[in-house]
Amino acid sequence: MVELGNTTIKRIGLLTSGGDAPGMNGAIRAVTRAARYKGLEVIGISHGYKGLINKAFKKMESKDVSNILQQGGTMLKSARCMEFKTPEGRKKAHDNIVEAKIDALVVIGGDGTFTGAGLFAKEFNFPVVGIPGTIDNDLYGTDFTIGYDTALNTIVECVDKIKDTATAHERLFFIEVMGRDAGFLALNGGIAAGSEAVLIPEVPTSYADLKSYLANGYRKSKNSSIVLVAEGEKEGGAFNWAKRVEKDFPDYDVRVTILGHIQRGGTPSASDRILASRLGAGAVEALMDDQKSIMIGIENGEIVHVPFTKAIKNQKVVERQQLDLVKILSN
């Protein structure tokens, strides 16, 4: 039991929301065991915010989170919930929480999850702490989000394999990776996999620039080429780029690969397991320190507390030096 001002926290509600990310189970495990270590009960909420509205509550014991650290996805499931976006839906969720005697929430997810959490916390003056779980790594205030490292390694592994066939047939591949509003996966995946160009939403690339690269570099010194494209890139994605190149360079053998949801799955990397464990335990500590409406992040190896408003509204900046590095190393 923890005394927070006029509130006594005995029971924590825990949910995952938004897109799943490898390592979420590690965070669930860490929150559950850290809370129980401190003498608190944990109530698992299935299917995200929909579970709050549908009363999908289950008491979590230590044994319930055994043998999940190495599993991808989320044992608590995730789902979209349009009803929670309405004041009436959030009111129903709050009534259910009060009835279940849940005193605080820990939510694991991305910017959409934290937007809902921030509104809920403000409307009902309810303690909510967030853990960043998204493969996009796009949340401000934390160097890394849970799932990003695993997804990045999945991309590199896939690109390495595609390179084999690209070289064998002397092809130009446009490979589309996830990243609706953020190009961190494409950018760092491109550097790690040795791609010749990277197209991301933060820094628009003109078709003239790509044509110049193809005309001056491709075929002259290389027998294959890889271009990584973030799905949120403003020119329309990998297929659009490929069609334009095929039209202007009919002698090029152009192919497109969409990696898709393979990037979300798989066994979490060691880095994601450690990150999830630290952030999960940090969320419990934050609640015990009377923190609310914050995201638990990590900066320079240290746990930090970031207000939801900053984590959501501020844009995480892509380093231009990394883009320059792609260009330098593609010569």
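For the structure, see preceding data.
Predicted model only: the values in this text are computed from it and were never measured. (Residues numbered from 1 in each chain as written. Predicted model: local features only at pLDDT ≥ 70, side-chain atom pairs only at ≥ 80, totals over all residues. Heavy atoms only, no water.)

Asker: I would appreciate a short explanation of the side chain of Thr-32 in the present structure.
Answerer: Mapped onto the fold, Thr-32 is located in helix α1 (residues 24-37). Judged by its relative accessible area of 0%, Thr-32 falls in the buried class. Ignoring any residue separated from it by four or fewer positions in sequence, one finds Thr-32 in contact with Leu-14, Val-42, Met-60, Glu-61 and Val-65. (Helix = DSSP H or I, 4+ residues; strand = E, 2+ residues; numbered from the N terminus. Buried < 20%, exposed > 50% of the residue type's maximum accessible area, 1.4 Å probe, protein only. Contact = heavy atoms within 4.5 Å.)

Asker: Sorry, what's going on with the packing of aromatic side chains here?
Answerer: Two numbers describe a pair of aromatic rings. These are the distance of the centres and the angle of the planes. Going through the model one piece at a time under the given rule, you end up with 8 aromatic pairs. With centroids separated by 5.7 Å and ring planes inclined at 75°, the aromatic side chains of Phe-120 and Phe-126 adopt a geometry described as edge-to-face. These aromatic residues form a ring-pair network of at least three members: Tyr-49, Phe-84, Phe-120, Phe-124 and Phe-126. Residue placement shows Arg-244 over the ring face of Trp-241; its charged tip is 5.7 Å from the ring centre. The lysine or arginine in question, Lys-316, covers the ring of Phe-184, its NZ or CZ lying 5.6 Å from the ring centre. (Phe/Tyr/Trp six-rings, centres within 6.5 Å; stacked < 30°, edge-to-face > 60°. Lys NZ or Arg CZ within 6 Å of the ring centre and 35° of its normal.)

Asker: Could you clarify how one ought to interpret the nonpolar core in this entry?
Answerer: Ile-131 and Leu-185 are the most contacted members of the largest nonpolar core, which has 61 residues in total. Considering each element in turn, this core owes the most residues, 8 residues, to helix α5 (residues 148-169). Residues contacting Ile-131, with those up to four places away along its chain left out, are Ala-27, Val-31, Val-106, Val-107, Ile-108, Gly-109, Phe-114, Ile-146, Leu-279, Gly-280 and Ala-283. Formed by 25 residues, the second largest nonpolar core is a distinct cluster that contains Cys-81, Met-295, Phe-308 and Ala-311. (Core = buried A, V, L, I, M, F, W, Y, C linked by side-chain atoms within 4.5 Å.)

Asker: Would you take a moment to explain the sheet that holds strand β6 (residues 104-109) for this structure?
Answerer: In any sheet, the strands associate via hydrogen bonds between backbone groups, in a parallel or an antiparallel arrangement. Strand order in the open sheet formed by 7 strands is β5-β4-β3-β6-β7-β12-β13, with mixed pairing between adjacent strands. Strands at the two margins of the open sheet, each flanked by one partner only, are β5 (57-60) and β13 (302-307). For this sheet, the mean inter-axis angle between neighbouring strands, taken without regard to orientation, is 30°. Relative to strand β12 (residues 294-299), strand β7 (residues 128-132) is paired through 2 bridges, and the arrangement is parallel. Bridge pairing in β12 links Gly-130 to Met-295. The strands touched by α1 within the sheet are β3 (11-16), β4 (41-45), β5, β6 and β7, with β3 carrying the most contacts at an inclination of about 180°. Packed onto the sheet, helix α4 (residues 111-124) meets β6, β7 and β12 and runs at close to 165° relative to β6. (Pairing = 2+ DSSP bridges. Axes fitted to C-alpha atoms, helices over the stretch in contact; angles between N-to-C directions.)

Asker: Can you walk me through the packing of helix α3 (residues 87-99) against α4 in this structure?
Answerer: Between two packed helices, both the angle of their axes relative to each other and the distance between the axes serve to describe the pair. At a minimum axis separation of 11 Å, α3 and α4 run at an interaxial angle of 70°. In this view, α3 runs roughly perpendicular relative to α4, as classed from their interaxial angle. Relative to α4, the crossing made by α3 is right-handed. The residues of α4 that touch α3, namely those facing Arg-90, Lys-91, Ala-93, His-94 and Ile-97, are Leu-119, Phe-120, Glu-123 and Phe-124. Considered class by class, the residues forming the contact of α3 with α4 number 5 nonpolar, 1 polar and 3 charged. (Parallel < 35°, antiparallel > 145°, perpendicular 65-115°, else oblique. Left-handed = near helix turned anticlockwise from the far one by under 90°. Nonpolar A, V, L, I, M, F, W, Y, C, P; charged D, E, K, R; others polar.)

Asker: Help me out: how do you make sense of unusual backbone geometry in this one?
Answerer: Among all residues except glycine, the phi angle is most often negative; among peptide bonds, the trans geometry is most common. Residue Lys-55 is not a glycine yet carries a positive backbone phi of 60°. Following the sequence through the fold, Lys-55 ends up in the loop between α2 (48-54) and β5. The phi angle at Ser-293 is positive, at roughly 55°, despite the residue not being glycine. By secondary structure assignment, the location of Ser-293 is in the loop between α9 (270-288) and β12. Given a relative accessible area of 26%, Ser-293 falls into the partly exposed group.

Don't take any of this as a statement about function, it's just geometry.
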